[in-house]
Amino acid sequence: MQSGVTSTTVDRTAKRIGISETEVERRGLKYELGAPVTGAATVGDAVAVGFGDGSIRFFRPGQKPSVQQSHLGVILCMAAYQDVLVTGGDDGRCLKITPNGIMQELADFDTKWVDCVAATQGLVACSSGKNVQLWSARQSKPINFVHSSTVGGLSFDVRGQRLAVAHYGGVTVWERTKRKWKSSTFAWKGFHGAVTFSPDGKYLVSAMQENAVHGWRIRDKANLAMSGYPAKVKSFAWAGDTPFLVTSGADEAICWPFDGKNGPMERSPLCVAHNRKQIATCVLALQNEDAVFAGFRDGSVLLAKLDETVDPIAIRGSSGAEITAMALSPSKSHLAIGDAKGNVLWAPLGTGAAYERNV
Amino acid sequence: MNQTQQVPVTVLTGFLGAGKTTLLNRILTEQHGRRYAVIVNEFGEEGIDNDLVVDADEEVFEMNNGCICCTVRGDLIRILSGLMKRADQLDAIIVETTGLADPAPVAQTFFVDQDVADRTKLDAIVTVADAVHLNSQLGEHHEAEEQVAFADVVLLNKTDLVDETGLDGVEKRIKKINPYTKIIRTAHCDAPLENILSLDAFSLERVLEVEPDFLDSDHDHEHDDDVTSVSFVSEAPLDLEKFEAWFGKLLQTHGQDILRSKGIIEFLGIDERYVFQGVHMLMDASPMGAWPEGANRNSRMVFIGRNLESMNLKEGFEGCKAA
């Protein structure tokens, strides 16, 4: 990890300048696209990047990005499963888009924004205000679920049997039974935004309005309060075999262990990708490598092993604008990084020996 | 992101029928060459066809931090963050609240949510008041008092329907609740927009500029629910430690009744003026440079709220004087 990339490792003595341009950046392509990057997802053979002007760009290794005009305003949310991309916008529409540009309008809420979307095998969901609409491959019409407050986050479990809906006061889990979807409530005071199931489906975790993450063990609804962040947690990802829930919101990536009977209860998190005083705003797992990308408020991105004794590698230097989205190409050969000023870095992470060296 | 300019947000309050919609329509249709986004709680029947009009739900969230008066507008956090993702830069954002809404959660949103505070700033609270009905509304509804108490500007509308004596009476009533507010008289909400938008009323610099307009506060036949204001001046400098102890405790125990507070303080042994302004328990405070040459160095503070007489404010303030 150290050899050959010493020039791009984090210089902890540099106080003001931040991280300078990296080798990965020099190898990659930089785009200035004007509108803020609002989301990114791996879809089919491409990486889809969504923007504040309603456009989507599909990036593929070795090709020019293709542009798809989709929403009439800001793309507020995106989710992907295999070769289906689902987006929601402030134009009130929820769209289903394929990487080759076939677009289908799933719903139109008129003046109400579509705030959250989720997708998995045969299922798509979106939320607008307090309503969640769920489309399944088996049914021609969507099912509508109403909640007590505006929905802050949506997520399916890995098996596509449950949908978590985060809102004020907790998370509602809708579970598919033979005939219908049944709900159960996981209560915790405060507003809950982004939500996720652990890969084994045993835990439910949400990012709160306060600087905290809240979790529940689904079996007995035991609460797991993960607090102490200096900033709001805007992004999380599951990484490694343990697995760890990697979270933004601190000046490093905070990784909570979810192994054993009790998950992170009474345990300390692993802290990697330390970046002086910069706050992490976006995290992305590098699956099968026990590593994580952490994007920061100053535009820098670090790649860190899930190991506190190994120094992180700088992937992108401090460009000045907050990292808002990241996604890997399907083969993990390329990484797309987007920021709040509309810059995209599309860079090869290297292959073979170079890849080994970098990761 | 400090390098990004914060978009000013004006909060527009006022009772139903006072003229808020007239003002909003002006903001949306006048040829002012600026891009204003308007967050409304319900689309008017005429359905303004404008992508810069956003529908809100007025969802008030309690923060999970053990502070009961610390409420925020959850929908506003979501909408402001969405507006900041637009490709075009907005010149200002206007948030309309319903007639019966308490302005505090809106204002507190800008203190509590870091993302909102990074990208936007609370510019001013503007209350549209009906000159004909304000007097009776103030007696009947808490919300009317709160809207006046929080207002940086009161747009006293429908002045063509009230005689001069009546208007003076209404103004006096407003000033008694809120000596800091600026009153603009209009007949059909036709005040120039520059007197309403981009006022920067919540900046600490403005606290230094605006002189409160105190009237004699006679406490005749007021009941406990009335919103009033009190102010104190001390020529002797205050002691920093004593002040912090008193003021911190005061906000903790009475923050719910203190709607707004402002002050400029001279501390013993500190050269800079210390300026603060707060909404309930939440406070923005900072040293604001040296006292101007030849200026009268003194400490001033004002409180607007309910049950102020029960807080021993005068004794508390006097007790902070450096020995």
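Residues numbered from 1 in each chain as written. Chains lettered and ligands numbered in written order. Predicted model: local features only at pLDDT ≥ 70, side-chain atom pairs only at ≥ 80, totals over all residues. Heavy atoms only, no water.

**A look at the pattern of salt bridges**
Then step 1. One pass over the structure, following the stated rule, counts 37 salt bridges over all chains.
Then step 2. In this structure, the salt-bridge partner of Lys189(A) is Glu62(B), at a minimum N-O distance of 3.8 Å. Pair noted here: Lys189(A) is in strand E16 (residues 181-197) and Glu62(B) is in strand E4 (residues 60-62), and the two residues belong to different chains.
Then step 3. Accessibility expressed as a relative area gives 49% for Lys189(A), which makes it partly exposed. (Salt bridge = Lys/Arg side-chain N within 4 Å of Asp/Glu carboxyl O. Helix = DSSP H or I, 4+ residues; strand = E, 2+ residues; numbered from the N terminus. Buried < 20%, exposed > 50% of the residue type's maximum accessible area, 1.4 Å probe, protein only.)

**Comments concerning the sheet that holds strand E13 (residues 143-146) of chain A**
Residues and elements named next belong to chain A.
Then step 1. One open sheet accounts for four strands, arranged E10-E11-E12-E13; its pairing is antiparallel. Strands with a single pairing partner mark the edges of an open sheet, and in this sheet they are strand E10 (116-120) and E13. Adjacent strand axes in the sheet meet at a mean angle of 15° when their direction is disregarded. (Pairing = 2+ DSSP bridges. Axes fitted to C-alpha atoms, helices over the stretch in contact; angles between N-to-C directions.)

**Brief notes about the packing of aromatic side chains**
Residues and elements named next belong to chain A.
Then step 1. According to the stated counting rule, one finds 19 aromatic pairs over all chains in the structure shown.
Then step 2. Plain terms: the ring middles of Phe 186 and Trp 216 are 6.0 Å apart, the flat faces sit at 65° to each other, and that makes the pair edge-to-face. In this pair, Phe 186 is assigned in strand E16 and Trp 216 in strand E18 (residues 212-217), connecting sequence segments 30 residues apart. Trp 216 matches Phe 186 in its accessibility class, with the two residues each being buried. (Phe/Tyr/Trp six-rings, centres within 6.5 Å; stacked < 30°, edge-to-face > 60°.)

**A few points about the side chain of Ser234(B)**
All names here are of chain B.
Then step 1. With respect to the helices, strands and loops of the structure, Ser 234 is situated in strand E10 (residues 228-234).
Then step 2. The buried category is assigned to Ser 234, whose relative accessible area is 0%.
Then step 3. From its side chain, Ser 234 meets the backbone oxygen of Ala 236 in a polar contact 2.7 Å long.
Then step 4. Once residues lying within four places of it in the same chain are set aside, the contact partners of Ser 234 are Asn 298, Ser 299, Phe 317 and Lys 321. (Polar contact = N/O pair within 3.5 Å; in protein donor to acceptor, adjacent residues only side chain to side chain. Contact = heavy atoms within 4.5 Å.)

**Examining the interface of chain B and chain A**
Then step 1. Across the boundary between the two partners, chain B contributes 24 residues, which contact 31 residues of chain A.
Then step 2. Interface area for chain B against chain A, summed over the two sides, is near 2400 Å², with a carbon-plus-sulfur share of 53%.
Then step 3. Where chain B touches chain A, the interface holds seven salt bridges.
Then step 4. Between Arg78(B) and Asp115(A) there is a salt bridge; the shortest N-O distance is 2.9 Å.
Then step 5. Linking chain B with chain A are seven residue pairs in polar contact (both at pLDDT 80 or more).
Then step 6. Tallied by class, the residues present in the side of chain B that touches chain A amount to eleven nonpolar, three polar and ten charged. (Buried area = accessible area lost by both parts, 1.4 Å probe. Nonpolar A, V, L, I, M, F, W, Y, C, P; charged D, E, K, R; others polar.)

**Section: the pairing of strand E17 (residues 203-208) of chain A**
Residues and elements named next belong to chain A.
Then step 1. Counting buried residues in E17 gives six out of six residues, a clear majority hidden from the surface.
Then step 2. Every second residue of E17 is oriented toward a common face, with Tyr 203, Val 205 and Ala 207 on one face and Leu 204, Ser 206 and Met 208 on the other, all of them buried.
Then step 3. The pairing of E16 with E17 spans four bridges and is classified as antiparallel. Counterpart to Phe 197 in the pairing with E17 is Leu 204.
Then step 4. Hairpin connection, E16 to E17: the antiparallel pair is bridged by five residues, and Gly 201 has positive phi, about 75°.

**Observations concerning the sheet that holds strand E1 (residues 7-14) of chain B**
Hydrogen bonds between backbone atoms are what pair the strands of a sheet, whose relative direction is either parallel or antiparallel.
Residues and elements named next belong to chain B.
Then step 1. Spatially, seven strands are ordered E3-E2-E6-E1-E7-E8-E9 in an open sheet, and the strand pairing comes out parallel. Looking at strand neighbours, the two that pair on one side only are strand E3 (53-55) and strand E9 (182-185), the edges of this open sheet. Along the sheet, successive strands turn relative to each other by an average axial angle of 25°, direction set aside.
Then step 2. Both E1 and strand E6 (residues 92-96) contribute to a ladder of four bridges, which runs parallel.

**Some thoughts on the side chain of Gln137(B)**
Then step 1. Its location among the elements puts Gln137(B) in helix H5 (residues 134-140).
Then step 2. Beyond its immediate stretch of four places on either side in the chain, Gln137(B) contacts Phe15(B) and Ala144(B).

**Some details on the domain arrangement of chain B**
Residues and elements named next belong to chain B.
Then step 1. Here chain B is partitioned into domain 1 (7-202) and domain 2 (228-318).
Then step 2. Facing 23 residues of domain 1, the contacting portion of domain 2 comprises 17 residues.
Then step 3. Contact between domain 1 and domain 2 buries roughly 1800 Å² in total, counting both sides, with carbon and sulfur atoms accounting for 66%.
Then step 4. One can count three salt bridges joining domain 1 with domain 2.
Then step 5. Arg 306 is paired through a salt bridge with Glu 145; the nearest N and O atoms lie 3.4 Å apart.
Then step 6. Put simply, domain 1 and domain 2 have six residue pairs in polar contact (both at pLDDT 80 or more) between them. (Domains from an automatic or database assignment.)

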